[in-house]
Amino acid sequence: MQNLTTTSSRITILGAGAWGTAVAIALAARHDVLLWARNPAMVDATRAAGENTAYLPGCPLPAGLNITSDLHAAIDHVSGPGADDSLLIAACPVAGLRPLLEQLKPLPIPNIVWLCKGFEGGTGLLPHQVMQEVLGDSVAGAALSGPSFAQEVARGLPCALTVASESRELRERVVSLVHAGSIRVYSCDDLIGVEVGGAVKNVLAIATGVADGLGLGLNARAALITRGLAEITRLGVALGANAATFMGLTGMGDLILTCTGDLSRNRRVGLALAQGKALDAIVAELGHVAEGVPCARAVRELAGKLGVEMPITDAVAEVLFDGAKPLDTLAKLLARDPRVEIA
C-alpha cells in the first residue's frame, strides 16, 4: 500500500483504552507518538508490563511509544516548537468527550480528531456538536471512523478508515499522517453521515447479536443488517447527511463488521441478552464500554423527535430499558405491515 508520509510527525493520543492504544501502536512505527492515560497507576503498570494489560493484553507496545498521565505534557508534545505537522487524537468514549474537551479548552491545541462513535447521553448530540459547544470555531476538528477492531489494528492487520471534516486542510493532514502500511484512509466532508453511521451501527449490532443468540439463522441476520442500514440512512438524511455516505466504510462497512464480527462488544451484548442475562451483569462482565447501550436510548429519543421510523432500534431499546423480552419484540417486528423495500 502507498505510504504518503516519509517524515516523522508528532502525534498525541488522549485515551489509553483498547482503540486508543491500538492506534498508538500502529502510528508509533513511523511517528513520534505520545499516549496519554488519565490514571497514573495504569501508566506505571503499562510501562512495567510493556503492554496495556487492562484493555489490550497481548499487544506489546513499540519501544518508541511513550505513555504519560500528564495532560500538559501530552499537549505540549503537539503544540510546542517544531510541531507544525502535529495531530491531536481524542480516543475517549462519547461520554468522556465533553469533560476531556473542557480540560483542553484553556490549552493551546492545534486541532483535534476524535475516534468515538455515538450520541452524547442527555443531550443527544453527535461528537462534532459537542466539540462545537465546548470549543466553538477556534479549533479544526475531524472524525476518524470505519470498520476496525482494536486487536486487529494493533497486530498490523489491514483496515480502511474514513476521515470526515469541514476542514480540507485537516482531512489532508490526517490522510498524510495515518494512511500508510496496513491502514488506508479515505476522506469526505460529510461529518454528520460518518458520525451517524458509526453511532447507530452499534445499536444494530445488539439486535443482530440477539437474533444470533436466539438461533434465528443467517437469513434473519442478513435481513436485520439490510433493514438496519435503511434505518441508519433515514436518520442520517433527516439530520442533513448525504445518503450515499451510508453505502461506504462508515455506514455499510462498519455495520457489517460490528454485526458479524466476534470481537464486537455490542454484538456480545445482544448474545448475552438472548441468554436472559441482565443488562447490568452483561456490562460488568464486558469490562469495556459498549456504546450501543446508551446510544439506543439516545437514538430512540432523537428519532421520535424527528418523526423517523426506526423499528429495529425501538425493539433494541425496549429490550434494554423497558423490560421487554427478545422473543416478544421479535414477534412485534414480524407482525409489521408489508411495505415498499427502499423506504
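This is a predicted model, so every value here is computed, not measured.

J.: Outline the UniProt feature "binding site: sn-glycerol 3-phosphate" (unreviewed entry) in the protein chain, listing residues and values.
T.: Mapped onto this structure's residue numbering, the UniProt feature "binding site: sn-glycerol 3-phosphate" (unreviewed entry) falls at Lys117, Gly146, Ser148, Lys201, Asp254, Ser264, Arg265 and Asn266. Mapped onto the fold, lysine 201 is located in helix H8 (residues 191-213). Positionally, serine 264 belongs in the loop between helix H10 (249-260) and helix H11 (265-274). On the basis of relative accessibility, which here comes to 1%, the residue serine 264 falls in the buried class. Non-local contacts of serine 264, meaning those with residues more than four positions away in its chain, are made with Phe149, Ala205 and Thr258. A distance of 3.0 Å separates a polar atom in the side chain of serine 264 from the backbone nitrogen of arginine 267.

J.: A description of the sheet that holds strand S8 (residues 141-145) should follow, citing residues and the corresponding values.
T.: As summarised here, the arrangement of the eight strands in space is S5-S2-S1-S6-S7-S8-S9-S10, forming an open sheet in which the pairing is mixed. At either margin of the open sheet sits one strand with a lone partner, and together these are strand S5 (66-68) and strand S10 (183-188). Each strand of the sheet is rotated relative to its neighbour by a mean of 25°, with strand direction disregarded. Pairing of strand S7 (residues 112-114) with S8 involves three bridges; the strand directions are parallel. Counterpart to isoleucine 112 in the pairing with S8 is glycine 141. Across the sheet, helix H1 (residues 18-27) lies against strand S1 (10-14), strand S2 (32-36), strand S6 (87-90) and S10, angled at about 165° from S2, the strand it touches most. Packing against the sheet, H8 makes contact with S7, S8, strand S9 (159-164) and S10, and its axis sits at approximately 40° to S8.

J.: Give a description of the packing of aromatic side chains that names residues and reports values.
T.: Counted under the stated rule, the structure contains zero aromatic pairs. Directly above the ring of phenylalanine 321 sits arginine 297, whose terminal nitrogen or CZ lies 3.9 Å from the centroid.

J.: Can you break down the side chain of glutamate 318 residue by residue, with the values?
T.: Among the secondary structure elements, glutamate 318 is positioned in helix H14 (residues 311-321). Those residues in contact with glutamate 318 that lie beyond four places of it in its chain are Arg300, Gly323, Ala324, Thr329 and Lys332.

J.: Give me the UniProt feature "binding site: NADPH" (unreviewed entry) in the protein chain: which residues, what numbers.
T.: Per the UniProt record, "binding site: NADPH" (unreviewed entry) is found at Trp19, Arg38, Tyr55, Lys117, Ala150, Arg265, Val289 and Glu291. Spanning 273 residues, the named residues are also spread out in space, since their farthest C-alpha pair is 22.8 Å apart. Turning to its location among the elements, arginine 38 is positioned in the loop between S2 and helix H2 (40-49). According to the relative accessible area criterion, arginine 38 is exposed, its value standing at 53%. Beyond its immediate sequence surroundings of up to four residues, arginine 38 is in contact with Ser69 and Gln103. Here the side chain of arginine 38 touches glutamine 103 through a polar contact of 3.2 Å, side chain to side chain. Locating lysine 117 in the fold gives a position in the loop between S7 and helix H5 (127-135). Ignoring anything within four residues of it in the chain, the contact list for lysine 117 reads Val94, Ser145, Gly146, Gly198, Ala199, Lys201, Asn202, Asp254 and Glu291. Looking at lysine 117, its side chain comes within polar contact range of the main-chain oxygen of glycine 146, at 3.0 Å.

J.: With reference to specific residues and values, describe the nonpolar core.
T.: Counting residues in hydrophobic clusters, the biggest one holds 42 residues, and the most contacted among them are Ile13 and Leu87. For this core, the element with the highest residue contribution is H1, accounting for eight residues. In this view, leucine 87 contacts Arg10, Ile11, Thr12, Val78, Asn111, Val113, Leu170, Arg173, Val174, Leu177 and Val178; residues no more than four positions away in its chain are not counted. Core analysis: the second largest hydrophobic core is formed by 41 residues, Val203, Ile206, Ala241 and Ala303 among them.

J.: Before we move on, can you summarise the pairing of S8 with the specific residues and values?
T.: Buried residues dominate S8, accounting for five of its five residues. The two faces of S8 match: Gly141, Ala143 and Ser145 on one face and Ala142 and Leu144 on the other face are all buried. Remark: the S7/H5/S8 crossover connection has right-handed handedness. Of the pairings in the sheet, the one linking S8 to S9 comprises three bridges and is antiparallel in character. If you follow serine 145 over to S9, its bridge partner there is threonine 162.

What counts and what doesn't
- Residues numbered from 1 in each chain as written.
- Predicted model: local features only at pLDDT ≥ 70, side-chain atom pairs only at ≥ 80, totals over all residues.
- Heavy atoms only, no water.
- UniProt positions renumbered as here; feature names shortened; annotations may be inferred.
- Helix = DSSP H or I, 4+ residues; strand = E, 2+ residues; numbered from the N terminus.
- Buried < 20%, exposed > 50% of the residue type's maximum accessible area, 1.4 Å probe, protein only.
- Contact = heavy atoms within 4.5 Å.
- Polar contact = N/O pair within 3.5 Å; in protein donor to acceptor, adjacent residues only side chain to side chain.
- Pairing = 2+ DSSP bridges.
- Axes fitted to C-alpha atoms, helices over the stretch in contact; angles between N-to-C directions.
- Phe/Tyr/Trp six-rings, centres within 6.5 Å; stacked < 30°, edge-to-face > 60°.
- Lys NZ or Arg CZ within 6 Å of the ring centre and 35° of its normal.
- Core = buried A, V, L, I, M, F, W, Y, C linked by side-chain atoms within 4.5 Å.
- Right-handed = clockwise from strand over helix to strand, strands pointing away.

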